[in-house]
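# Observations on chain architecture
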Amino acid sequence: MSATLVAKDLSGGHGHRVLFEGLDLTVAPGDVVGVVGANGAGKSTLLRLLAGAATPFAGTVAAAPQDAFVGWLPQEHERVPGESVATYLARRTGAAEATAAMEATAAALGSDVPGADDAYGVAFDRWMSSGAADLDDRVGPVLADLGLDVGPSAAMTSLSGGQAARVALAALLLSRFDVVLLDEPTNDLDLDGLARLEAFVQGLRGGVVLVSHDREFLARCVTRIVELDLAQHQVAVHDGGYESYLQEREVARRHAREAYEEYAGTRADLVSRARTQREWSSQGVRNAMRKSPDNDKIRRRAATESSEKQAQKVRQMESRIARLEEVEEPRKEWVLQFDIAAAPRSSSVVATLNEATRTLGDFTLGPVSVQVSAGDRVGITGPNGAGKTTLLRLLLGEDPPDSGSASLGASVAVGVIDQARTGLPDDVPLGTAFETAVPELTQAEVRTLLAKFGLRADQVTSLVGRLSPGERTRAAMALLQARGVNLLVLDEPTNHLDLPAIEQLEQALDSYDGSLLLVSHDRRLLQNVRLDQRWQVTAGRVTGS
């Protein structure tokens, strides 16, 4: 079905806090709209409103036709216990809900319930359009095509992060939505998964609205950008792709700053001139009173006329100031000021593996022979499940090799951000966990540091396990800044970070001069960060370049 989604004068937020307002947006067939903005700007809130899962503060959202199948796939950080792959796919594709609705209306057929036949007809049409009728037949081939060796009956909780990401991609490929709303669909996907996702989005006939922090994905897919600017409290819709948006944004920011500086300069000049005129007027009156005798009416009259002229000039200046069209100063955006503290230099050889192997179930990494020297910057890529994380654990001495040897150099101070963001214990408040990890900092210093990473008082007192993935990532980055490191290990560091934070991370990595092991599927990050070597991990084998 060809469908259009229309939002008019839309406002949304949390509680009594308005995050954005006045958004007008039409999503027509073939449109791919990317939503960008800092964490907390309301991107996920906007998707909820477009999906009809939340009530807007103001404005409307309508689909044409009214029975259009709008599919919303939010981020899912927790897997549902007891849910199988098949059940997950049925839920995420909307087939489970459509089946339940059809069965409920079918049960009312033949009863005295008014409109039961019509309700069943609508539910049946929705069931057919959802693809529920042949979903079971389509699941197996799609899972196999994605390289998943798990069956539909496998429990979601038993899957690795990479497998779960592939199943999430399978749900999207199996869906038959008229309009698709995607919240961070690129998270945890490897390069092959990203390519499949891009091909799927580019091949859709219906409209798409997506939230993503993957800059290369945005550049390749979107046809329009919605920017939620929390700092300026503005909403803007940019026609054209992501690269065009970046150029327009830079020009708009420069013009806004220039317009304000011109206004501020003109106003300051007029205020200064008015002040000078007032001083001259006051001085003229004082001089006239001091020099003129009481009976010299002519001189006093002349002095009075002069002071009135000065006062008139002051009034003219004040009138010009009042007529100036005010230009509001652009608000400065919150910027993540991230520096990686350097520890004393390590030994010349940081870590080595010599013919090392590691077997986990049916998977074996190796034999691997690699060396990381002081100052080496290594980018590590490869499909999910190829052994990248296992390789890191061997290099850091966290797992012993089953054969061969592994050694970590002397005076190596390791800083790690892993995929699970497990640097701090889940069952302790963030502030307490941070103070324990860095005892040399006072409580006030800890709170100040966390605030620099956008972590507010309520987050500092929250249990680490209750923080969002983005908040946990920023907490892990704050820990790196508090500790000195000379071997930095980053495993998918950009997952759940917003675009400003990713750009700041790139700047911090550029100035960091210690050893670096960077595992990432973020193509822009790998392109922008200075690297000396590239290691490709495929099916347990490591090749270098």
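Within the sequence span of helix 13 (residues 443-452), burial applies to V446, L449 and L450. Down the axis of helix 13, the buried set is contained in an arc of 95°. They therefore lie on one face. In this structure, the buried side of helix 13 is in contact with helix 12 (430-437), helix 14 (457-460) and helix 15 (469-482). Immediately downstream of helix 13, the backbone of G454 shows phi near 75°, a positive value.

This part takes up the packing of aromatic side chains. For the structure shown, the criterion picks out five aromatic pairs. Seen in terms of ring centroids, Y260 and Y263 are 6.4 Å apart; in terms of plane orientation they differ by 50°. Their pairing is tilted. Linking Y260 with Y263, this pair stays in helix 9 (residues 242-291), spanning three residues, or about one helical turn. Following the ring pairs from residue to residue traces out a cluster consisting of Y120, F124 and W127.

Here we come to the pattern of salt bridges. Summed over the entire model, instances satisfying the criterion amount to 22 salt bridges. Linking R166 and D190 is a salt bridge whose minimum nitrogen-to-oxygen distance equals 2.6 Å. Note that R166 is positioned in helix 6 (residues 161-174) and D190 in the loop between strand 6 (179-183) and helix 7 (191-203), a separation of 24 residues in sequence. Taken individually, R166 and D190 each receive the classification buried, so the pair is uniform in this respect. One salt bridge connects R524 with E216, and the closest N-O pair in it is separated by 2.6 Å. With R524 in helix 17 (residues 523-528) and E216 in helix 8 (residues 215-221), this pair connects stretches of sequence that are 308 residues apart. Residue classification places E216 among the buried positions, given a relative accessible area of 14%. Linked by salt bridges that have partners in common, E198, D214, E216, R220, E243, R523 and R524 make up one network.

Inspection of the secondary structure assignment puts A482 in helix 15. Between the C-alpha atom of A482 and that of V211, which follows or precedes it by 271 residues, the distance is 31 Å. Each residue touching A482, except ones within four places of it in the same chain, is listed here: F434, V438, E440, L441 and L449.

Here the focus is empty space enclosed by the protein. Over the atoms rolls a probe the size of a water molecule, and its path tells where empty space is left. One pass over the structure, following the stated rule, counts two cavities of 30 Å³ or more. Taken as a whole, the largest cavity holds about 150 Å³ of empty space. What lines the largest cavity is a set of 16 residues, among which T186, N187, D214, T494 and N495 lie closest to the centre. For the lining of the largest cavity, a count of residues per class yields four nonpolar, seven polar and five charged.

Reading across from one edge, 11-10-13 is the order of the three strands in this open sheet, with antiparallel pairing throughout. Because the sheet does not close on itself, it has two edges, and the strands there are strand 11 (363-373) and strand 13 (403-408). Ignoring which end each strand starts from, the neighbouring axes of this sheet average 20° apart. Bridging between strand 10 (residues 349-360) and strand 11 involves eight bridges; their strand directions are antiparallel.

About the criteria used
- Residues numbered from 1 in each chain as written.
- Predicted model: local features only at pLDDT ≥ 70, side-chain atom pairs only at ≥ 80, totals over all residues.
- Heavy atoms only, no water.
- Buried < 20%, exposed > 50% of the residue type's maximum accessible area, 1.4 Å probe, protein only.
- Helix = DSSP H or I, 4+ residues; strand = E, 2+ residues; numbered from the N terminus.
- Arc of directions from axis to C-beta.
- Contact = heavy atoms within 4.5 Å.
- Phe/Tyr/Trp six-rings, centres within 6.5 Å; stacked < 30°, edge-to-face > 60°.
- Salt bridge = Lys/Arg side-chain N within 4 Å of Asp/Glu carboxyl O.
- 1 Å grid on protein atoms, 1.4 Å probe; cavity = no way out; pocket = protein on both sides within 12 Å on 5 of 7 lines; lining within 4 Å.
- Points joined across faces, edges and corners; volume = space filled by probe spheres on them.
- Nonpolar A, V, L, I, M, F, W, Y, C, P; charged D, E, K, R; others polar.
- Pairing = 2+ DSSP bridges.
- Axes fitted to C-alpha atoms, helices over the stretch in contact; angles between N-to-C directions.

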